[in-house]
Amino acid sequence: MKFAATIVATGLLATASAFSPSSAGFTTQTYNVGERTVGPMQQQGTAHSQRRATIVMDGKANAIRDRITTVKNTKKITMAMKLVAAAKVRRAQDAVLATRPFSETLQSVFGGLIGRVSGEALDLPLLTQREVNKVTLVVITGDRGLCGGYNSFMIKKAEARFQELKAQGIECDMVLIGKKGIKYFERRNYPIRKTFETGQNPDSKQALAISEEILNTFLAGESDAIELLYTKFVSLINSAPSARTLVPFSASEITQKGDEVFSLTSSGGKFGVEREELDVAEPQEFPNDMIFEQDPVQIINAILPLYLNGQILRTLQESVASELAARMQSMQAASDNAGDLAKKLSQQYNRARQASVTAEILEIVAGAAALE
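Residues numbered from 1 in each chain as written. Predicted model: local features only at pLDDT ≥ 70, side-chain atom pairs only at ≥ 80, totals over all residues. Heavy atoms only, no water.

A. The packing of helix α6 (residues 204-219) against helix α8 (residues 296-371), seen in detail. Running from amino to carboxyl end, α6 crosses α8 at an angle of 120 degrees, the nearest separation of the two axes being 8 Å. Relative to α8, the element α6 lies oblique. Considering the relative orientation of α6 and α8, their crossing is right-handed. Here Ser204, Gln206, Ala207, Leu208, Ile210, Ser211, Ile214 and Leu215 of α6 lie close against α8, whose contacting residues are Pro305, Leu308, Asn309, Ile312, Leu313 and Leu316. Tallied by class, residues from the contact of α6 with α8 come to ten nonpolar, four polar and no charged. (Axes fitted to C-alpha atoms, helices over the stretch in contact; angles between N-to-C directions. Helix = DSSP H or I, 4+ residues; strand = E, 2+ residues; numbered from the N terminus. Parallel < 35°, antiparallel > 145°, perpendicular 65-115°, else oblique. Left-handed = near helix turned anticlockwise from the far one by under 90°. Contact = heavy atoms within 4.5 Å. Nonpolar A, V, L, I, M, F, W, Y, C, P; charged D, E, K, R; others polar.)

Take a look at the structure:
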């Protein structure tokens, strides 16, 4: 009986304690005047608005996301390089226009002098054709890459011309302008006479050094002809490797050859090139009673090196413009490819994320079904 009474007493005490007030069961809170009360529902809404969205991803999705970021950054770099190349093309265009007045005046004076001494026999070394036993190739390439096939096309043309002359039994050596051509031909042990760098801003000082080397080679009899291989600037999407005989000169070519200039334009966010054909400069007229302090033949002989210097400078500028145009196209193609790749990677990323979320939902459903 005692044991039963103890159990009943214990049960009554437990029941009483369940209905007794406690600090945990009942809370009282006082609010000051004008203070806003926040209910439980409002607290839950605030917590929900501050909660960040949880993105469920696996390792594959994270790797794709990182790659998308890398591709987009690469696209920004290539677009910036394209715009830099476009700015340099405009600078090359301005340089060509700046040298045009000098070329016109030189051509006009030369034509007038040739007309004045047309009845005389001209004994000028730079105009004298002689038997060709050795040829010097002047090859212009770029200093840098990332310009499509600009350098490789020029190198292939130079190699083909070198082999062609060798097949004809004519000796050949090279004057190389541009780091890319220098590295290529030095590694293959081609006969190299002199090397120069191209640079991004060819000037008259650089052209003078090259023309002096060419003149010394020809006048010393070390070479019978000088051929120039360069890239002719046609448009932003087309450049043609070209070859021409630089020395000895042809008087008819100097007096009758016209010129052309190009100008970079933009329309609708796209770049373009406009070419303008220029007429031959009219020969300057010298009166018959004009007395020259020096013999006209000597004056012509002094003008020809200036003409050679101008031709070298012009071809350097045209080659640099072709290189920059090729770099613009390469960077545009790289940017387009980066955009397409980023789009494909975004699709893969979305599919991977969707697959990850679907897999977790299936796991939750399976777990709930197992508990039932």
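B. A look at the sheet that holds strand β4 (residues 225-235). Spatially, β3-β2-β1-β4-β5 is the arrangement adopted by the five strands of the open sheet, whose pairing is mixed. The open sheet has two edge strands, β3 (192-196) and β5 (238-247), and neither has a second partner. When strand polarity is set aside, the average angle formed by the axes of neighbouring strands in this sheet is 20 degrees. Where β4 lies against β5, nine bridges are found, and the strand directions are antiparallel. Paired with Glu227 across the bridge in β5 is Thr245. In this fold helix α4 (residues 150-167) packs onto β1 (134-140), β2 (171-177), β4 and β5, with an angle of close to 175 degrees to the strand it touches most, β1. Across the sheet, α8 touches β1, β2, β4 and β5, and the angle it forms with β4 is around 40 degrees. (Pairing = 2+ DSSP bridges.)

C. Representation of the pairing of β2. Most of β2 sits out of view: six of its seven residues are buried. For β1 and β2, the ladder comprises seven bridges, and the chain directions are parallel. Across the sheet, the residue bridging to Ile140 is Ile177, located in β2. Note on the crossover from β1 through α4 to β2: the handedness is right-handed. In terms of strand pairing, β2 meets β3 through four bridges, oriented parallel. Bridge pairing in β3 places Leu176 opposite Thr195. Where the polypeptide runs from β2 across helix α5 (residues 179-187) and back to β3, its parallel neighbour, the crossover connection is right-handed. (Buried < 20%, exposed > 50% of the residue type's maximum accessible area, 1.4 Å probe, protein only. Right-handed = clockwise from strand over helix to strand, strands pointing away.)

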